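# Architecture at a glance
Each chain, written out:
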Amino acid sequence: MLSFHDIIGHDQIKEHFQRAIENNKISHAYILTGEAGMGRKSLANAFALTLLCEKGKGEPCMECHACRQVLSGNHPDLIYVTHEKPAAIGVDDIREQINDTIMVRPYSSYYKIYIVDEAEKMTPQAQNALLKTIEEPPSYAIIILLTTNQEAFLPTILSRCVQLKLKPLKDFVVKSYLTENMHVPETDAEVYAAFARGNLGRAISLASSEDFRLLRQEVLHLLKHIKDTDISELLDYVRKLKEENLDIYECLDFMQLWYRDVLLYKVTRDVNLLVFKDEYRSVNEISKNSGYDGLERILDAIDKAKTRLEANVNTELAMELMLLVMKEN
């Protein structure tokens, strides 16, 4: 478990929490929204750890009895709401774990903190049950809802919570973390950071994924040889990607990143702006042989392929239509 100081980025949210603690103006309900891997749990845990710390400062001391209890997962006043059904948090989960226990005063702290992960899975009945508690909470209670999608909440829940949205980190921040903490080579870190789009958890996962290394190798091979490869061979290659269980959406994201590099290089002739710096020769070659309109058509074809796949169009058909555009342009 991390303190605020150890969490990379999200400075506005960290400052919001620390100011609330220092000014003793803590709300009873918070919603933390962000993609999986962006750090919602880390921020909620750091907030809880700081609130429960016996030193009562803007950072937890990590040494007092309360901090040690939180760090070992045994603090009686920090409750993680769990749910049996993977797809839903039901009204019984909320009643039994929050509503029925919230009136019991904290055991050893000034606060009693509830953290609800995947809170978007609360059924409308569960949300209504929670609403009664959020409307009239005891003075010591704090409820933190973690979600990837706050649109799933009733307007009445949203209006009674402080809403904090996690923003993507800058690519250079993610890249620096990968090179300094995980000793990832700079050219690889550049690709992982661009691909993760500001999500540090995702970048870390990509950097240690054998599947992604394989995907990168296979898709790059396909992209470099697309002009001189027959369409039936290209489709064989796509089948091979599927047989290797590589995520087809990730393949398309990778292609998009590649052609954005080609287009960017065609416009700027600046190698430093490229994500695929180590593939400079191929990027340069393709940019010389493709027109601006052609590259725009290719990027549009990749978007269309994603849309078709989401609409359950046959994968091979969707990919064939896209590959034909790539070959022609």
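Look up: the structure comes first, before these words.
The text that follows walks through the structure, step by step, so that each part is easy to find. (Residues numbered from 1 in each chain as written. Predicted model: local features only at pLDDT ≥ 70, side-chain atom pairs only at ≥ 80, totals over all residues. Heavy atoms only, no water.)

## Structural notes on the overall build of the chain
Tallying secondary structure elements over the chain gives 15 helices and five strands in all. Projecting the C-alpha coordinates of the chain onto the three principal axes gives extents of approximately 70 × 40 × 30 Å. The buried share of the chain, taken over its 329 residues, is 49%. Residue pairs in contact within the chain that sit at least 24 positions apart in sequence constitute 72% of those at least 6 positions apart. About 16,600 Å² of surface is accessible on the chain, with carbon and sulfur atoms providing 48% of the total. Here the chain carries 39 positive and 50 negative side-chain charges, and the mean point of each set is 4 Å from the other. (Helix = DSSP H or I, 4+ residues; strand = E, 2+ residues; numbered from the N terminus. Buried < 20%, exposed > 50% of the residue type's maximum accessible area, 1.4 Å probe, protein only. Contact = heavy atoms within 4.5 Å. Areas by Shrake-Rupley, 256 points an atom, 1.4 Å probe, with all protein chains shown as cover. Lys, Arg positive; Asp, Glu negative; His and termini not counted. Charge placed at Lys NZ, Arg CZ, Asp CG, Glu CD.)

## Looking at the sheet that holds strand β2 (residues 78-81)
Strand order in the open sheet formed by five strands is β2-β3-β4-β1-β5, and the pairing between neighbours is parallel. Edge strands, defined here as strands with exactly one partner in the open sheet, are β2 and β5 (162-165). Taken over all neighbouring pairs, the strand axes of this sheet differ in orientation by 20° on average, direction set aside. Both β2 and strand β3 (residues 112-116) contribute to a ladder of four bridges, which runs parallel. Bridged to Ile79 within β3 is Tyr114. Strand contacts of helix α2 (residues 40-52): β1 (29-33), β2, β3 and β4 (141-147), with the helix running at about 165° to β4, the strand carrying the most contacts. (Pairing = 2+ DSSP bridges. Axes fitted to C-alpha atoms, helices over the stretch in contact; angles between N-to-C directions.)

## Topic: unusual backbone geometry
For Asn24, which is not glycine, the phi torsion reads 55° and is therefore positive. With respect to the secondary-structure elements, Asn24 resides in the loop between α1 (11-22) and β1. Note on Asn24: relative accessible area 57%, which makes it exposed. Even without a glycine there, the phi angle at His183 is positive, about 55°. Structurally, His183 is set in the loop between α7 (171-181) and α8 (186-196).

## Thoughts on the environment of Ser3
Turning to its location among the elements, Ser3 is positioned in the segment before α1. For Ser3, a relative accessible area of 6% puts it in the buried group. Residues Ser3 and Gly37 lie 34 residues apart in sequence; the distance between their C-alpha atoms is 17 Å. With residues up to four places along the chain from it excluded, the contact list for Ser3 reads Ala46, Glu59, Pro60 and Met62.

## Considerations on the packing of aromatic side chains
Tallied over the entire structure, the rule returns 12 aromatic pairs. Summarising the aromatic geometry, the rings of Phe195 and Phe254 are spaced 6.1 Å apart at their centres and angled 50° between planes, so their arrangement reads as tilted. Here Phe195 is found in helix α8, whereas its partner Phe254 is found in helix α12 (residues 248-268), with 59 residues between them in sequence. Here the aromatic cluster, defined as three or more aromatic residues joined through ring pairs, consists of Tyr192, Phe195, Phe212, Phe254, Trp258 and Phe276. Just above the ring of Tyr292 sits the side chain of Lys266; from NZ or CZ to the centre is 5.3 Å. (Phe/Tyr/Trp six-rings, centres within 6.5 Å; stacked < 30°, edge-to-face > 60°. Lys NZ or Arg CZ within 6 Å of the ring centre and 35° of its normal.)

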